[in-house]
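Residue-level structural notes
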Amino acid sequence: MSQSTDLINLDTLAQELATIQQTGSKRIALLGSRHVPITHQNLIEMMTYALVLSGNRIITSGATGTNSAAIKGATRADANLLTVILPQSLERQPLESRQQLEQVMHLVENPSNDNLSLAEASYLCNKEIVSRCQQLICFAFHDSRTLLQTCQDAEEQRKLVTLFYFD
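Everything quoted here is computed from the prediction, not taken from an experiment.

So, about the packing of helix H2 (residues 38-53) against helix H3 (residues 66-78). Put simply, H2 and H3 touch, their axes get as near as 7 Å, and they point 40 degrees apart. Considering only the axes of H2 and H3, their crossing is right-handed. From H2, Gln-41, Ile-44, Glu-45, Thr-48, Tyr-49, Val-52 and Leu-53 reach across to H3, where they touch Thr-66, Ala-69, Ala-70, Lys-72, Gly-73, Ala-74, Arg-76, Ala-77 and Asp-78. Partitioning the contact of H2 with H3 into residue classes produces eight nonpolar, four polar and four charged.

Right under this line is the structure:
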């Protein structure tokens with residue numbers, strides 16, 4: 001192993017250790033698949049609720065499934081500690097998501113992405129979310145390309161990444 005590789009690994013480990021040991025609040029991005037069983041959504045909601053009660057700020061997107069569960073949990077604990085960043089404008093979001101999103105205090109829309117495919121807009125949105133966080137918690141399937149790319153991008157930025165697989 002070269003000396004530069006050793007230094008990168010030590011730097012990465014030191015940064016991850018500092019993040020794990022941090023006792024104050026963190027900015028935690030919570031992202032995941034839309035296709036999540038209701039029992040998993042309940043667990044994600046409870047976990048997010050506990051994270052917010054502990055003083056952490058949650059950043060997520062506005063899709064159904066994982067993100068919706070995160071929004072529910074964060075809103076129940078302290079709506080002021082939740083930021084939702086949409087891949088496109090609110091009008092482009094599914095009807096079943098809009099009612100929940102209209103209640104979010106800190107909502108960021110990206111109407112400039114309305115002309116992009118949802119996959120492209122979601123990738124850009126996830127990049128923005130990761131840039132604002134210290135830690136990423138992601139719930140995905142092994143074939144969730146956009147989410148897995150987001151995790152890889154976050155690791156390259158030396159963010160602490162926790163990836164849970166549904167399959």
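Having put the structure on the table, let's press on.
A word on the pairing of strand S5 (residues 135-140). Of all the six residues making up S5, six are buried; the element is thus mostly covered by neighbouring parts of the structure. Where burial is concerned, the two faces of S5 agree: the one with Gln-135, Ile-137 and Phe-139 and the one with Leu-136, Cys-138 and Ala-140 are both buried. Bridge count for S5 against strand S6 (residues 160-165) is six bridges, and the pairing is parallel. Counted as the bridge partner of Leu-136 is Val-161 from S6. For the crossover from S5 across helix H6 (residues 145-156) to S6, the handedness is right-handed.

Moving on, we come to the packing of helix H5 (residues 118-132) against H6. Each packed pair of helices is defined by two parameters, the angle between the axes and the distance between the axes. Contact geometry for H5 and H6: axes closest at 10 Å, N-to-C directions at 30 degrees. Compared by their axis directions, H5 and H6 come out roughly parallel. The element H5 and its partner H6 pack so that their crossing is right-handed. Facing H5, whose interface residues are Ala-119, Ser-122, Tyr-123, Asn-126, Lys-127 and Val-130, H6 presents Thr-146, Leu-147, Gln-149, Thr-150, Asp-153 and Ala-154. A class-by-class count of the residues in the contact of H5 with H6 yields five nonpolar, five polar and two charged.

About the criteria used
- Residues numbered from 1 in each chain as written.
- Predicted model: local features only at pLDDT ≥ 70, side-chain atom pairs only at ≥ 80, totals over all residues.
- Heavy atoms only, no water.
- Axes fitted to C-alpha atoms, helices over the stretch in contact; angles between N-to-C directions.
- Helix = DSSP H or I, 4+ residues; strand = E, 2+ residues; numbered from the N terminus.
- Left-handed = near helix turned anticlockwise from the far one by under 90°.
- Contact = heavy atoms within 4.5 Å.
- Nonpolar A, V, L, I, M, F, W, Y, C, P; charged D, E, K, R; others polar.
- Buried < 20%, exposed > 50% of the residue type's maximum accessible area, 1.4 Å probe, protein only.
- Pairing = 2+ DSSP bridges.
- Right-handed = clockwise from strand over helix to strand, strands pointing away.
- Parallel < 35°, antiparallel > 145°, perpendicular 65-115°, else oblique.

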